[in-house]
Amino acid sequence: MLDKTYRPGEVEARHYADWEASGAFSADPTSSRPPYVIMMPPPNVTGSLHMGHALTFTIQDILIRYHRMAGKDALWQPGMDHAGIATQMVVERRLAEQNLTRHSFGRDRFLDKVWEWKAESGGTITRQLRRLGASPDWRRERFTMDEGLSVAVRKVFVELHRQKLIYKDKRLVNWDPKLHTAISDLEVQPVEMKGHLWHIRYPIEGAEGRFLVVATTRPETMLGDSGVAVHPDDARYAALVGQHAVLPLVGRRLPIVADDYADPEAGSGAVKMTPAHDFNDFAVGQRHGLEMINIFDANACLTDTVPEKYRGLDRYAARKAVVADLEAADLIEKIEDIVHTVPHGDRSGVAIEPWLTDQWYVDAATLAKPAIAAVEDGRIRFVPQQWEKTYFDWMRNIQPWCVSRQIWWGHQIPAWYGPDDTVFVEESEAAAAEAARAHYGKDVTLRRDEDVLDTWFSSALWPFSTIGWPEQTPELARYYPGDVLVTGFDIIFFWVARMIMMGMHFMGDVPFRTVYIHALVRDQHGQKMSKSKQNIIDPLELIDQYGCDALRFTLAAMAAPGRDIKLAESRVEGYRNFVTKLWNATRFCLMNGAALDPAFDPAACTQQVNRWIVGKVARLGRDLDTAMAAYRFDEAASALYHVTWHDFCDWYIEFSKPIITGADPKAAAETRAAVAWTLSQILHLLNPFMPFVTEELWAAIGGATGGRLITADWPVYGDDLTDAAAATEIDWVIRLISDIRAVRAEMNVPAAGRVPLLLKDANAAARARLETHGEIVTRLARLDTIGHATETVPAGSVQLVLDGATAILPLAGVIDLAQERDRLQREIGKIDGEIAKAEKKLGNDAFLAKAPPEVVDEQKERLEEGLALRGKLTAALSRLAG
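Values in this document were obtained by computation on a predicted structure and should not be read as measured data.

Considerations on the overall build of the chain
Then step 1. Helices and strands together make up the secondary structure of the chain, namely 28 helices and 29 strands.
Then step 2. Its C-alpha atoms give the chain principal-axis dimensions of about 105 × 65 × 55 Å.
Then step 3. Within the chain, the fraction of its 882 residues that count as buried is 54%.
Then step 4. Sequence-distant contacts in the chain: of pairs separated by 6 or more residues, those separated by 24 or more amount to 78%.
Then step 5. When the 99 basic and 121 acidic side-chain charges of the chain are each reduced to a single mean position, those positions are 3 Å apart.

Pasting the structure below:
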């Protein structure tokens, strides 16, 4: 017999260990089953499980478990990303505690320290994923720095270089002056700060007393100005285009150019151009051939390209000095106090510097063309489809991809330089030496490029490098392309698009057929979770408190497409109660002799209520298949919840009790078998969402005699299991009981109060249903008697309209009708006041403009709830007959 209380901690650890040891998660390249493939987005080796992980990996696990049961050879390919900068910083912080730096060790010894850290502490998240119930093929786990993937990375780099799709160039990058490396846009965090906008007068050459006024938040960068831009249609400056301004403090002649980037409506309409230190200015500078003057070094200190008095100054010290000198020269027209966004490195916490430097680049525009076409022609589809627009916007405006990073941990770029800096890009040092020998005619000393590749470069190869490429393995032939990629919208460009580009280029086919983009998990008020707001919800704490299944089901139930998840702990608690309900229902079934009968045929049931529940299960199975095909996890969870809690626990078990304990042994035996069959099917259908409790209950009811539930075949239900007449009859009875219960609650009828039921104008079907099910209706609706009304309806009655009859509940002798009318009217008045407040706020344009989105959503929810409650109360009031 089952324990009275479900203890998820004990059950989860036991079943997970059993599943993993049994090989239940394993894919089989020799299988005759069709493959189904999900590539796990590799979490950072430094990572710990957060709610975003919990959502994405729950969705992936639901899919993989469902398709594994549905007869597929399911491969969920796991692995971890080496997370270049993040990992290096973790190890450097540990060294700093000993007053050491990476330079204290040198490159090779420092990398040894990183590998030591990975062996000791890396991979925490893979242990945490096991707590979440994730079922990838752990035997195939890969790491972006393991030897096989490293071979793939070197081969891709070399081949792209030979195809002139990788090259070295001097362009602007996001430079982190603390970490001394270029960083990706994803590693740049916008920080809102108070600042100033300085309006500076630039003299016009040869026109004494005339100035162009330009505005900047960074006066120190003016020392690198090489032009001024105005809009070509701006009549104010038409005569100045082609002339020059003079750069204050420096004296440099600045060509005045016409470019659409200049906005005539912004400030004076004239814009200073610093092509070496601003991404927009860089583009304008390229169009007009403006000089690229790099005024900063790697520390963001001024170089020898500026006047001597500013050389060596930190950028902020230089700002003060430049402003002071401009004020002394009476060249500051005005200064505005502003709040603006300043990009910072997300790990260093310092303002990043657009910096002109030599880096390695991928010709992303060329690689993007077939990747764009793959989505245009439907070979890849986005779910929800709206994300296709985001994908196209990025891809059609793609810039060269900077793939070099100035750190030590990562894939070192396979490029070697000769004595005259001729570069040799090869897969190994030996191949580079051979190429150099052929070039110079003798052996020469080579030095290797010290940079490493952007972490996203190796991640872009994930769908094929993890299954063997460049070797032509059986896994590569079988599992590429994959079926679906599940990820967040924030890395559509950084990872999704690049996987598509690399897959198309090196494999000649898309890496996956579908990209499912899930929402963000926010706190219950719709706020983004952050340490500063102290609103982070730890999924492991929720698992400890409520169990893994409750958290998984919560996330699935809330995963509506295009809508962020507002996660409240109370929701997880609610689904913990759902787990408890299922547990208790199973205990009841077992205590009442329900046992799986191999000979039971659900299509041969004779009892109406048994045919009804069999039909409900069959419909549920079909609805789940439809929802899973459409990635509607919320609809699948909703259907599972409704059938399990309401149809099975609330109604079917209650309807079955008098049959099981009744005088008809055949009916009792059929119903016991039907109860056991229904429970087994519900456990089966719930299993991808709630794997632990369902596996435990499956064993308890005897399902495990045929094997573990995780490896059982997905149920298929034929049309012969649906009985329309039984569905109509039992649904009518349930609706009658539910409506009577609702009236009792609305009218404050005492729980012990027995109320008579009269049927008026009942047709033959309604009479027959009450004749058959009168006993259950009387018991569950807490009725006194059931009879039939004449033409006259008793005073003080509530009337309910049903198919084929009007139900009448005489309440005059049970409650004070006048007092109840007064109560309902007071409640309606109170609700009307709340509705009016919400409508007033939502009709106020000033409120809508200033209020955060989550506050607006809260008011909308209050309005919807108020209107719904008012409708219920109004209906209750109208039911009171005079």
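Moving on, there is more to tell.
Notes on the sheet that holds strand β7 (residues 188–203)
Within a sheet, neighbouring strands are paired by backbone hydrogen bonds and run either parallel or antiparallel to one another.
Then step 1. Read from one edge to the other, the open sheet built from 3 strands follows the order β8-β7-β13, with strand pairing classed as antiparallel. The open sheet has two edge strands with one neighbour each: β8 (211–216) and β13 (332–345). Between one strand axis and the next, the sheet turns by 20° as a mean value, whatever way the strands run.
Then step 2. When β7 meets β8, the two strands line up antiparallel, connected through 6 bridges. By the bridge assignment for β8, Trp198 is matched with Thr216.

Let's talk about the nonpolar core
Then step 1. If you look at the biggest cluster of nonpolar residues, it comprises 167 residues, and the most contacted ones within it are Met51, Leu63, Phe655 and Leu811.
Then step 2. Of all the elements, helix α21 (residues 633–660) adds the most residues to this core, at 15 residues.
Then step 3. With residues up to four places along the chain from it excluded, the contact list for Phe655 reads Val609, Ile730, Val733, Ile734, Ile737, Ile776 and Leu780.
Then step 4. Judged by nonpolar contacts, the second largest core, of 65 residues, contains Leu160, Val403, Leu476 and Trp495.

Here we look at the pattern of salt bridges
Then step 1. If you walk through the whole model with that rule in mind, you get 55 salt bridges.
Then step 2. With a closest N to O distance of 3.1 Å, Lys155 and Glu159 form a salt bridge. Taken together, the residues span about one helical turn, with Lys155 and Glu159 both in helix α7 (residues 147–162) at a distance of 4 residues.
Then step 3. You can call Glu159 partly exposed: its relative accessible area is 22%.

With respect to the sheet that holds strand β19 (residues 423–425)
Then step 1. Spatial strand order, β19-β18-β20: 3 strands in an open sheet with antiparallel pairing. In the strand order of this sheet, the two ends are held by β19 and β20 (447–448), each with one partner.
Then step 2. Where strand β18 (residues 415–417) meets β20, 2 bridges bridge the pair, whose relative direction is antiparallel. Bridge pairing links Trp416 to Arg448 in β20.
Then step 3. Together, β18 and β19 form the strand contacts of helix α12 (residues 429–440), whose direction differs from that of β19 by roughly 135°.

Describing helix α20 (residues 608–629)
Then step 1. With 22 residues, α20 should reach 32 Å at 1.5 Å per residue; the first-to-last C-alpha distance of 32 Å fits that figure.
Then step 2. Directly after α20, the chain includes Tyr631, whose backbone phi takes a positive value near 60°.

Notes on the packing of aromatic side chains
Then step 1. Tallied over the full model, the rule gives 38 aromatic pairs.
Then step 2. For the ring pair Phe464 and Tyr480, a centre distance of 6.2 Å and an interplane angle of 80° mean the geometry is edge-to-face. Here Tyr480 lies in the loop between α15 (474–479) and β22 (482–488) and Phe464 lies in helix α14 (residues 462–465), a separation of 16 residues in the sequence. Exposure class is identical for Phe464 and Tyr480. Each is buried.

Some points on helix α26 (residues 817–842)
Then step 1. Spanning 26 residues, α26 covers 37 Å between terminal C-alpha atoms, matching the ideal 38 Å at 1.5 Å per step.
Then step 2. All of the buried residues along α26 are Leu817, Glu820, Leu824, Ile828, Ile831, Ile835, Ala838 and Leu842.

Describing the pairing of strand β23 (residues 512–518)
Then step 1. With 6 of 7 residues buried, β23 lies mostly within the body of the structure.
Then step 2. Pairing of strand β15 (residues 381–383) with β23, which is carried by 3 bridges, proceeds in the parallel orientation. Paired with Val383 across the bridge in β23 is Tyr516.
Then step 3. Relative to β23, β22 runs parallel, the two sharing 6 bridges. In the sheet register, Val484 faces β23, and the bridge partner there is Thr514.
Then step 4. As a crossover connection, the stretch from β22 through helix α16 (residues 492–507) into β23 is right-handed.

Some words on the packing of α20 against helix α24 (residues 724–746)
Then step 1. Relative orientation of the contacting elements α20 and α24 amounts to 100°, with a least axis distance of 8 Å. In this view, α20 runs roughly perpendicular relative to α24, as classed from their interaxial angle. Contacts between α20 and α24 involve Gln608, Val609, Arg611, Trp612 and Lys616 on the former and, on the latter, Ala725, Ala726, Ala727, Glu729, Ile730, Asp731 and Ile734.

Some thoughts on the pairing of strand β27 (residues 783–788)
The two faces of the sheet receive side chains in turn, since in a regular strand these alternate between them.
Then step 1. Examined bridge by bridge, strand β26 (residues 755–760) and β27 share 4 bridges and lie parallel to one another. Across the sheet, residue Val755 finds its bridge partner in β27, namely Leu783.
Then step 2. The handedness of the β26 to β27 crossover, carried by helix α25 (residues 764–781), is right-handed.

Here we look at the state of the cysteines
Then step 1. Here the structure, examined in full by the defined rule, presents 0 disulfides.
Then step 2. Free of any disulfide, Cys589 has its nearest cysteine sulfur in Cys649, 7.9 Å distant.

Some details on the packing of helix α17 (residues 539–546) against helix α19 (residues 569–591)
Then step 1. α19 packs onto α17 with a crossing angle of 35° between their chain directions and a minimal axis gap of 10 Å. Here α17 and α19 pass one another in a crossing that is right-handed. Along the contact surface, α17 presents Leu542, Gln545 and Tyr546, while α19 presents Glu569, Val572, Glu573 and Arg576.
Then step 2. Residues belonging to the contact of α17 with α19 are distributed by class as follows: 3 nonpolar, 1 polar and 3 charged.

Rules behind the numbers
Residues numbered from 1 in each chain as written. Predicted model: local features only at pLDDT ≥ 70, side-chain atom pairs only at ≥ 80, totals over all residues. Heavy atoms only, no water. Helix = DSSP H or I, 4+ residues; strand = E, 2+ residues; numbered from the N terminus. Buried < 20%, exposed > 50% of the residue type's maximum accessible area, 1.4 Å probe, protein only. Contact = heavy atoms within 4.5 Å. Lys, Arg positive; Asp, Glu negative; His and termini not counted. Charge placed at Lys NZ, Arg CZ, Asp CG, Glu CD. Pairing = 2+ DSSP bridges. Axes fitted to C-alpha atoms, helices over the stretch in contact; angles between N-to-C directions. Core = buried A, V, L, I, M, F, W, Y, C linked by side-chain atoms within 4.5 Å. Salt bridge = Lys/Arg side-chain N within 4 Å of Asp/Glu carboxyl O. Expected span 1.5 Å × (residues − 1). Phe/Tyr/Trp six-rings, centres within 6.5 Å; stacked < 30°, edge-to-face > 60°. Right-handed = clockwise from strand over helix to strand, strands pointing away. Parallel < 35°, antiparallel > 145°, perpendicular 65-115°, else oblique. Disulfide = S-S within 2.5 Å. Left-handed = near helix turned anticlockwise from the far one by under 90°. Nonpolar A, V, L, I, M, F, W, Y, C, P; charged D, E, K, R; others polar.

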